[in-house]
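Chain by chain, the residues run as shown.
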Amino acid sequence: TWGLRVDLNKYYSTGSSVTVTGKDTVTYSYDNPVQVGDTRYVCTSSCSGSLTFGSPGSDTVAATYKKQYSLTMSVNPAGTGGTLPYTGTDWYDSGKDVAISATAVSGYTFSSWTGSGTVSYTGPSRTANIKMDSPISQTANFGVVENAHCSTTSSHTTGDDTTTGNHRHYLSSLNIWERKIARQN
C-alpha cells in the first residue's frame, strides 16, 4: 500500500483515485521511500508538488519509483575483519553490480564468503562482484592465523676443552643449554 498526502490529509492507495472537493489548488506528496520487507521503492519524479484546478474536473498525478534491494554485510566471527561495503545493511538499485571485498585484522586470515540471494557469492575469493537482483546477505568468514614453527637440525658447540676449561654451550632447536663438565683426575 502506497501513501499519498493531499493538503496534509493522508490517503492510502494501490492505484485507485483520490477525490478532493472544494479546493482550487492542492499540494501533494507521495510516501518516499516505501519499504516492503527487504525491497524498497524510491520516488524519482513527481514525488511532490501542487495541482491547480481551472474548473471543476479532475487531474492525474503519477509518481515514478525505482526498485532497490537490501545488501546486508557481516563478519564471522565478529571482530576478525572488515568488509566493503561496510558491515550492516544498505540499499542498491535493482540490477546494479556491487564489488565486495574482505580484509582480515591482525592474527586472522580471510577464508571464504557465504552468500544468500539470487546472485550472491559463495567461495574463497577475497573480492567478488554481485548483482542486486534480489535481497542479498554476504558473510565474510575468517580464521585464526596458525603460528609458524621454526626449528633447526644443526647443533653448535663452543667453549673450552674439557681438559682446560670445563665449560661448553650447546645450541639445538632454538633452545640453549649450558652444562658444566667437571674434570676428573
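Preceding this section is the structure that the text describes.
Residues numbered from 1 in each chain as written. Predicted model: local features only at pLDDT ≥ 70, side-chain atom pairs only at ≥ 80, totals over all residues. Heavy atoms only, no water.

Asks: Mind laying out the environment of glycine 88, listing which residues take part and the relevant values?
Replies: Its place among the elements puts glycine 88 in strand S9 (residues 88–93). Glycine 88 sits in the partly exposed class, given a relative accessible area of 31%. Considered as a pair, glycine 88 and leucine 71 are 17 residues apart in the sequence and their alpha carbons are 8.1 Å apart. Non-local contacts of glycine 88, meaning those with residues more than four positions away in its chain, are made with Leu71, Thr72 and Met73. (Helix = DSSP H or I, 4+ residues; strand = E, 2+ residues; numbered from the N terminus. Buried < 20%, exposed > 50% of the residue type's maximum accessible area, 1.4 Å probe, protein only. Contact = heavy atoms within 4.5 Å.)

Asks: Residues and numbers for the state of the cysteines, please.
Replies: Counted by the stated rule, this structure contains one disulfide. Between the sulfur atoms of cysteine 43 and its disulfide mate cysteine 47 the distance is 2.0 Å. Disulfide cysteine 43-cysteine 47: torsion about the S-S bond near -105°, hence left-handed. Cysteine 47 shares its class with cysteine 43; the two are buried. (Disulfide = S-S within 2.5 Å.)

Asks: Explain the pairing of strand S3 (residues 25–30) to me, and be specific about the residues and the numbers.
Replies: The alternating pattern of S3 places Val26, Tyr28 and Tyr30 on a buried face, while none of Thr25, Thr27 and Ser29, on the opposite face, is buried. Relative to strand S6 (residues 48–52), S3 runs antiparallel, the two being bridged by five bridges. From the neighbouring strand, valine 26 faces S6, where its bridge partner is leucine 51. (Pairing = 2+ DSSP bridges.)

It is worth stressing that arrangement in space is one thing and function is another; only the former is reported here.
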